[in-house]
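# A closer look at the structure
What follows is the residue order along each chain.
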Amino acid sequence: MRITVLGAGTMGSGIAHAAATAGHEVALRDIESSYVEDGIESVDATLAGGVERGKVTEAERTAALDRITGTTDLAAAATGADLVIEAVPEDMDLKRETLADAETHVADDAVLASNTSALSVTALADALDHPERLVGLHFFNPVHLMGLVEVVVAERTDEATLATARAFVDSIGKETVEVRDSPGFASSRLGVALGVEAIRMYETGVASVADIDAAMELGYNHPMGPLELTDVVGLDVRLDILEHLREELGERFRPPQALKRKVRAGKLGKKTGEGFYVWEDGEAVRPADDSATGSEGVDDE
Ligand SMILES: NC(=O)c1ccc[n+]([C@@H]2O[C@H](COP(=O)([O-])OP(=O)(O)OC[C@H]3O[C@@H](n4cnc5c(N)ncnc54)[C@H](O)[C@@H]3O)[C@@H](O)[C@H]2O)c1
């Protein structure tokens, strides 16, 4: 297939890597040539890591890179595409505009996809002349390590579009789950539900940060506890998602005070060095001082 990826950031470069490694021709488009170069460098760094670990040969690395063409020209990127995947920032207007522009350059049977984490795919499709050709393809970060893609079926997504989306995900060796377009899809809604309850337990002193996480790691075989995962995702990102889900789905997603307080203090998790844990060299080394015993107060708005 010929795949166009719009946006060469974290997710766009990961999607380009996955598609090129699977043998697809990829056009990778961003708005500045330096961003395109950074995206291709990031693909190369991932491939080089694979070579080091003996998972990828030098020949496969070169072949995959050769299949990626970087550009800032939307017409050049989208013309002739079988599938266009947008991975531009999470902004409804920007995504609608990007998808509508791309649609003007593709053939009638081309499929468009959005990698949105939380926006309504149905609302994105409204910007298109042919809304039935849009589907959500929600990849997970880092794309090359994560085996799942959530396929988000919007109100008007048709069967032909779904068949192309499923075939593409299958071709890159990942599994799909299919979700009707609804707030938080399946993965964010479930992940956030567990995380928010863990934060409420911590702030009402039910158990320590370490013990709450150990309960899920050892009791349920989760690779990481819900509080550590909140640190990895980013407390600010989780707060945004919670506010969106509260608006759409109700009070059970009300953000806890402890989360708001940490975000206000700039304690955003792994990326700032402190959240529920203190982070050093990419590792959670100990619970943050104010996280050791819980009892931050009640969830009082
Ligand atoms: N980062 C994650 O963990 C993650 C996981 C799943 C989904 N997502 C979603 O993927 C999307 C992209 O996220 P990201 O983390 O890769 O962001 P990012 O900021 O790393 O990359 C976005 C890129 O899009 C570029 N861009 C902006 N306008 C553009 C345009 N009109 N055409 C082409 N490129 C344009 C930017 O210059 C930037 O390089 C968002 O919708 C996000 O919610 C992110």
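Because the structure is a prediction, the values reported are computed rather than measured. Residue indices follow the written sequence of each chain, beginning from 1 at its first position. It should be noted that, the model being predicted, local features are given only for residues of pLDDT at least 70 and side-chain atom pairs only at 80 or more, the latter also being counted only at that level, while totals for whole chains, interfaces and linings use all residues. Hydrogens and water molecules were not included; the side-chain quantities draw on all heavy atoms of the structure.

## Section: the UniProt feature "site: Important for catalytic activity" (unreviewed entry) in the protein
Taking the UniProt record as the reference, the feature "site: Important for catalytic activity" (unreviewed entry) is found at H138. With respect to the helices and strands, H138 occurs in strand β6 (residues 134-139). Take H138: its relative accessible area is 7%, and that puts it in the buried class. Residue contacts are defined here by distance: any two heavy atoms, one from each residue, within 4.5 Å place the two residues in contact. In this view, H138 contacts S114, N115, T116, S117, L148, V149, E150, F185, S187 and S188; residues no more than four positions away in its chain are not counted. Among the polar contacts listed, one links the side chain of H138 to the side chain of E150, at a separation of 2.8 Å. UniProt positions are given in the numbering used here, feature names are shortened, and annotations may be inferred rather than shown by experiment. Under the scheme used here, helices are H or I runs from DSSP no shorter than 4 residues and strands are E runs no shorter than 2 residues, and both carry numbers assigned from the N terminus. Relative accessible area decides the class of each residue, using a 1.4 Å probe on protein chains only: under 20% of the type maximum gives buried, over 50% gives exposed, and in between gives partly exposed. Two N or O atoms count as a polar contact when they lie within 3.5 Å, although within protein this holds only if one can serve as hydrogen donor and the other as acceptor, and sequence-adjacent residues are included solely when both atoms are side-chain atoms.

## Notes on the site of the ligand
Each residue is tested against the molecule or strand, and it is near if at least one of its non-hydrogen atoms lies within 4 Å. Close contacts around the ligand come from 21 residues, with M11, D30, E90, K95 and S117 the closest. Here N115 contributes a side-chain N or O atom positioned 2.9 Å from an oxygen atom of the ligand. Between an oxygen atom of the ligand and a side-chain N or O atom of N141, the distance comes to 3.4 Å. In the complex, 76% of the free accessible area of the ligand, which totals 840 Å², lies under the protein chains. Here a cavity denotes a set of grid points, spaced 1 Å apart and computed over the protein atoms alone, in which a 1.4 Å probe fits but from which it cannot get out, and a pocket denotes an open set meeting protein on both sides within 12 Å along at least five of seven lines; residues with an atom within 4 Å of a point are reported as lining. Put plainly, a molecule is in a cavity or pocket when over half of its atoms are within 2 Å of the grid points there. One can see that the ligand is located within the largest pocket. What sets the accessible areas is the Shrake-Rupley method with a 1.4 Å probe; for residues, cover comes only from the shown protein chains.

## Topic: the nonpolar core
Core analysis: the largest hydrophobic core is formed by 32 residues, its most contacted members being I85, V135, L137, F139 and F168. With six residues, helix α1 (residues 10-21) is the single largest residue contributor to this core. Within this scheme, the nonpolar core is defined by two criteria: the residues are buried Ala, Val, Leu, Ile, Met, Phe, Trp, Tyr or Cys, and they are joined through side-chain atoms within 4.5 Å. By size, the runner-up hydrophobic cluster in this structure holds 21 residues, among which are I199, L235, L239 and V263.

## So, the packing of α1 against helix α2 (residues 33-52)
Where α1 meets α2, the closest approach of the two axes is 9 Å, and the angle between their N-to-C directions is 55°. Accordingly, the angle class assigned to the pair α1 and α2 is oblique. The element α1 and its partner α2 pack so that their crossing is right-handed. Between α1 and α2, the residues in contact are S13, H17 and T21 and G39, S42, V43, T46 and L47, respectively. Polar here means any residue outside two lists: the nonpolar Ala, Val, Leu, Ile, Met, Phe, Trp, Tyr, Cys and Pro, and the charged Asp, Glu, Lys and Arg; Gly therefore counts as polar. Of the residues that constitute the contact of α1 with α2, the class distribution is two nonpolar, six polar and no charged. Between the N-to-C directions of two axes lies an angle of 0 to 180 degrees, each axis being a line fitted to C-alpha atoms and, for a helix, fitted only over the stretch in contact. Any angle that is under 35 degrees is reported as roughly parallel, and any over 145 degrees as roughly antiparallel; angles of 65 to 115 degrees are reported as roughly perpendicular and all others as oblique. For any helix crossing, the convention is left-handed if the near helix is rotated counterclockwise from the far helix by under a right angle, and right-handed if that rotation is clockwise.

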